[in-house]
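# Report on the structure
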Amino acid sequence: MMQKKWPAWKRILGISLALAWSIQPSSSWAHGGGGTGGLECGLMQKEGYAIHLDVYVRSQGGMGNFKTYCQNVPTTGRMSLVLDLVTPQLRQIPLECTVTSSEGKVVAHFPAQVFSSGVASLDLDLPDRGRYMVDLTLVGKNGADGKPLVFRFPINVGMGVMWMGVAAGGLLVVAAGGVFFYRRMARRPRLAGPRGIEASAS
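Remember, it's a predicted structure, so these values are computed and weren't measured experimentally.

Cut-offs applied
- Residues numbered from 1 in each chain as written.
- Predicted model: local features only at pLDDT ≥ 70, side-chain atom pairs only at ≥ 80, totals over all residues.
- Heavy atoms only, no water.
- Helix = DSSP H or I, 4+ residues; strand = E, 2+ residues; numbered from the N terminus.
- Contact = heavy atoms within 4.5 Å.
- Pairing = 2+ DSSP bridges.
- 1 Å grid on protein atoms, 1.4 Å probe; cavity = no way out; pocket = protein on both sides within 12 Å on 5 of 7 lines; lining within 4 Å.
- Points joined across faces, edges and corners; volume = space filled by probe spheres on them.
- Nonpolar A, V, L, I, M, F, W, Y, C, P; charged D, E, K, R; others polar.
- Buried < 20%, exposed > 50% of the residue type's maximum accessible area, 1.4 Å probe, protein only.
- Phe/Tyr/Trp six-rings, centres within 6.5 Å; stacked < 30°, edge-to-face > 60°.
- Lys NZ or Arg CZ within 6 Å of the ring centre and 35° of its normal.

Right, let's talk about the side chain of Ser101 for a bit. For Ser101, the position within the fold is in strand 6 (residues 95–101). With sequence-adjacent residues up to four places away left out, Ser101 is seen in contact with Val107, Arg131 and Tyr132.

Written out as structure tokens, the structure is:
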């Protein structure tokens, strides 16, 4: 039995859907977002040191239920920054953490402290949707440029719905453009090719 072929405009729409889905930021699906996550998610390395950041958000279902995210946190409110000090030497270095908004306002500050266990859990409240920067300073350690060694982790808070809107809008634009282009090409009159020339035998 012959398979029924989709009309060209449906094929264009299908390809547009796949493209729009593929360009969504993969980090938004890591951990609590539905992906597998992993150590590479939120891992940063500098000057021989490595630190891993996760953002824990309490989910519905009672105490003890959390979801973890890397860079894109879909909700605002109470959350915890959990830092895994991958490099053992970091357990003897005081770490200072400052969280600033995209406007440069300091929204949370944690004084320098030594985390001998290798794990730092910092609780904070981010009620406003937006982009934030988590600056983790290694007190007493300088980088190759002579300046204090700072790990900078960008996070997006409460922007999960916004990403979906952007992806949906882009999908509609791409799909509509593809269908319009196909229909316009289909309406154009086909140009007649050169007539065949019959060779006469000599």
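Let's shift gears to the pairing of strand 9 (residues 130–142). Where strand 6 lies against strand 9, seven bridges are found, and the strand directions are antiparallel. Bridge pairing in strand 9 places Leu95 opposite Leu138. Sheet topology note: the strand 9/strand 10 (residues 148–157) ladder contains 10 bridges and is antiparallel. Residue pairing in the sheet places Leu138 in a bridge with Leu149 of strand 10. Where strand 9 folds back on strand 10, the antiparallel hairpin that results is connected by five residues, among which Gly146 adopts a positive phi of roughly 85 degrees.

Before going further, it helps to spend a moment on empty space enclosed by the protein. Going through the model one piece at a time under the given rule, you end up with one cavity of 30 Å³ or more. Looking at the largest cavity, the residues that line it are Leu83, Leu95, Cys97, Phe110, Pro111, Phe115, Ala120, Leu122 and Leu136. Going through the elements one at a time, strand 6, strand 7 (106–113) and strand 8 (119–126) are the ones with two or more residues in the lining of the largest cavity. Each residue belonging to the lining of the largest cavity can be placed in one class, and the counts come to nine nonpolar, no polar and no charged.

A regular strand carries its side chains on alternate faces of the sheet. Burial along strand 8 is one-sided: Ala120, Leu122, Leu124 and Leu126 are buried, and none of Val119, Ser121, Asp123 and Asp125, which face the opposite way, are. Sheet analysis places strand 5 (residues 77–85) next to strand 8, joined by eight bridges and oriented antiparallel. Each bridged residue has a counterpart across the sheet, and for Arg78 the counterpart in strand 8 is Asp125.

Within the structure shown, the criterion is met by zero aromatic pairs. One cation-aromatic arrangement involves Lys46 over Phe151; the distance from NZ or CZ to the ring centre is 6.0 Å.

In spatial order, the strands read 4-10-9-6-7; together these five strands make up an open sheet with mixed pairing. Every other strand in the sheet has two partners, leaving strand 4 (72–73) and strand 7 as the edge strands with one partner each.

The next subject is the environment of Gly118. Topologically, Gly118 is positioned in the loop between strand 7 and strand 8. Taking the relative accessible area as the measure of exposure, Gly118 reaches 4% and is therefore buried. Remark: the alpha-carbon pair of Gly118 and Leu85, spanning 33 residues in sequence, is separated by 4.9 Å. Residues within four places of Gly118 in sequence aside, it is in contact with Leu83, Asp84, Leu85 and Arg91.

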